[in-house]
There are 2 protein chains.
Amino acid sequence: MKKFSIGIDIGGTNTAIGIVDEEGNVLVKGGIDTPSHGDIDRYVKEMSVAVKDMAKNVKLTNPDSEILGMGIGAPNGNYYSGTIEYAPNLSFKGVVHLVKLLKAEFPEYQYLALTNDANAAAIGEMIYGGAKGMKNFVMYTLGTGVGSGVVVNGDLVYGHDGFAGECGHTTLIPGGRLCGCGAKGHLEAYCSAPGMKRTAFELLAHYNDMDSLLAKDSFEDMTSKKIYQAAVKGDKIALEVFELTGKYLGQGLADTVHHLSPEAIFLFGGPTAAGDYIFKPTIESMENHLLPIFKKKIKVLPSKLSAGDAAIVGASALVWKEMEK
Amino acid sequence: MKKFSIGIDIGGTNTAIGIVDEEGNVLVKGGIDTPSHGDIDRYVKEMSVAVKDMAKNVKLTNPDSEILGMGIGAPNGNYYSGTIEYAPNLSFKGVVHLVKLLKAEFPEYQYLALTNDANAAAIGEMIYGGAKGMKNFVMYTLGTGVGSGVVVNGDLVYGHDGFAGECGHTTLIPGGRLCGCGAKGHLEAYCSAPGMKRTAFELLAHYNDMDSLLAKDSFEDMTSKKIYQAAVKGDKIALEVFELTGKYLGQGLADTVHHLSPEAIFLFGGPTAAGDYIFKPTIESMENHLLPIFKKKIKVLPSKLSAGDAAIVGASALVWKEMEK
């Protein structure tokens, strides 16, 4: 009997849904819009129709199979309560009891779990990816924001309230850049994709460099991918963006190491596609900030989850993790 | 049958030894010099003589009793390997196999465990102190340095290498004050007792204030206690030292909250005797740095371990914690 789990990733605009096997292969993939109407009951109905459709198809092509449960990654998703709480980028207000509502739609599933997207990615890395067999590691997801998931003794750390692992909101530069959360100087304001763009514009302003390839784009049009492409062509500003981003990120990773003494830190997301451009300065900066007892001991590794499916696959991994308990 | 455990705290100059009951009461207390001769075998012999003497006395006054084991707190003490590794303030060089050597001296004890002093204090807080019943909390010890111990799901976090919980060495101010470890801007350089002294001297220099009560002491003679006494008398510089120390510490505590989502953070050590002078600005600063999902949720509390016995009592708590496993 083949076993599958459903992974759902709730983003600001799109809700991705996939059915995944125990090796992390995505059998079918689909999605619906994450609505702006703010009506959670209606959204759960829409989601359920899509999921049931996909599950039926999987059952047709794999008669000897069973779907064991559903894992959901969502911004401000709380594992303990199964709720999404005050998520700034979703239209649902206040506290939304997502797991309870989904249980009513899917009474046949034994395992139903919710956490935030970065925590789901960390579990995905542990079940299917580069952290297989590791008991203590941390995952940083670099994208529009910076998320993280902390694993200690083989379990994800949820903390007292269910919201542990918000390393993107540690303070790098007191009184520094405004963060999306309203505070100043947070890691996310420097090491996310938009953070790299902000660094690029600071450097353009600082050097008044008209020859840079980055001088041609508006603030609206600039992306971390364009910065990477310019760096590959040897653009000085772009290269310095990577140096600085690594310097910032390495400082943050060192703080994480001093808290947790992990075996490895995995980096996931768009900016990590730049490889050595980002990994080299990050590792160098981290090492500079570490106590001697930690130096040259902590691996900083690219995630082994495939970029396109990671969110779905990570969410689906919650089900296998629940089964261990 | 009454049960006791032995707590040993290895400091730079003194090794404190105590025999403690299950409620954290210290029955007998003693100690030997931490030697400068660097000979670990000789030191273990000296320690064993002292311990055996004390154990004999306890047995005489409590015939119906049993000593179950020995817990040791030491700088750079590694729980996994039972070793002290490259401790800068001890005369023993390299890696010292303390637990192995003590096991040979005390084959009758079932439980023998070593960790660093701040981790021992955290376990002490959990077994005997204010963290009883808490599953997720962090302990900061403010003294000559700043140590910390992290508890997740009811267990101390040792991490991959056994050295987790070095929060005193997270970076508060990039490029800031030189830390004892050689790096710059670490929390310890601002929030330890010497860190407060450094802040006082910075402020004296900044304001050129001849009227301050703190203007009378040399850098050598200044202490955090004198700063507290001056603050109580309304001295402006001293009051600002506490405001700034709280601002720095609160930033660090917020970083810890974003990693771990603890129920509470306990503060222990000399500077915490100043009560509201240090707690108020610390809590205010922490709240300012927190994501909305954490605001007004995290308790910042004074340790309930008694200042004089905390190191011994904390170390002894390791034994009860081992017995749970």
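Residues numbered from 1 in each chain as written. Chains lettered and ligands numbered in written order. Predicted model: local features only at pLDDT ≥ 70, side-chain atom pairs only at ≥ 80, totals over all residues.

Caption draft 1: Representation of the overall build of chain A. Helices and strands together make up the secondary structure of chain A, namely 9 helices and 13 strands. In terms of overall size, chain A behaves like a compact globule, its C-alpha atoms giving a radius of gyration of 20 Å where 325 residues would be expected to give roughly 20 Å. Dimensions of chain A along its principal axes, counting C-alpha atoms only, are 60 × 45 × 35 Å. Put simply, chain A has 325 residues, and 53% of those count as buried. Of all intrachain contacts in chain A linking residues separated by at least 6 positions in sequence, the fraction that spans at least 24 positions is 66%. (Helix = DSSP H or I, 4+ residues; strand = E, 2+ residues; numbered from the N terminus. Rg over C-alpha atoms; globule rule 2.2 N^0.38 Å. Buried ≥ 20, exposed ≤ 12 C-beta atoms within 10 Å, placed from the backbone. Contact = placed C-beta atoms within 7 Å.)

Caption draft 2: How the structure looks around the interface of chain B and chain A. Each partner contributes residues to the interface: chain B has 37 residues there, and chain A has 37 residues. The set of elements that each furnish at least two residues to the side of chain B that touches chain A consists of β10 (146–152) and α7 (236–260) of chain B. Here the element with the most residues in the side of chain B that touches chain A is α7(B); it accounts for 7 residues. Here the residues of the side of chain B that touches chain A are counted per class, giving 18 nonpolar, 13 polar and 6 charged. (Nonpolar A, V, L, I, M, F, W, Y, C, P; charged D, E, K, R; others polar.)

Caption draft 3: Molecular detail of the sheet that holds strand β3 (residues 26–33) of chain A. Residues and elements named next belong to chain A. Sheet architecture is open: 5 strands sit in the order β3-β2-β1-β4-β8, paired in mixed fashion. Edge positions in the sheet fall to β3 and β8 (111–115), since each has one partner strand and no second. For this sheet, the mean inter-axis angle between neighbouring strands, taken without regard to orientation, is 20 degrees. In terms of strand pairing, strand β1 (residues 2–10) meets strand β4 (residues 65–73) through 8 bridges, oriented parallel. Its bridge partner being in β4, Lys 3 is matched across the sheet by Glu 66. Packing against the sheet, helix α3 (residues 117–128) makes contact with β1, β4 and β8, and its axis sits at approximately 135 degrees to β4. Packed on one face of the sheet, helix α9 (residues 310–324) meets β1, β2 (14–21), β3, β4 and β8 and runs near 115 degrees to β4. (Pairing = 2+ DSSP bridges. Axes fitted to C-alpha atoms, helices over the stretch in contact; angles between N-to-C directions.)

Caption draft 4: Layout of the relation of the copies chain B and chain A. Expressed as a screw transformation, the operator carrying chain B onto chain A has a rotation angle of 180 degrees and an axial translation of 0.0 Å, and the superposed copies differ by an RMSD of 0.0 Å. Each copy turns onto its partner about a two-fold axis. (Least-squares fit on C-alpha atoms with pLDDT ≥ 70 in both.)

Remember, this is a structural readout, not a statement about activity or role.
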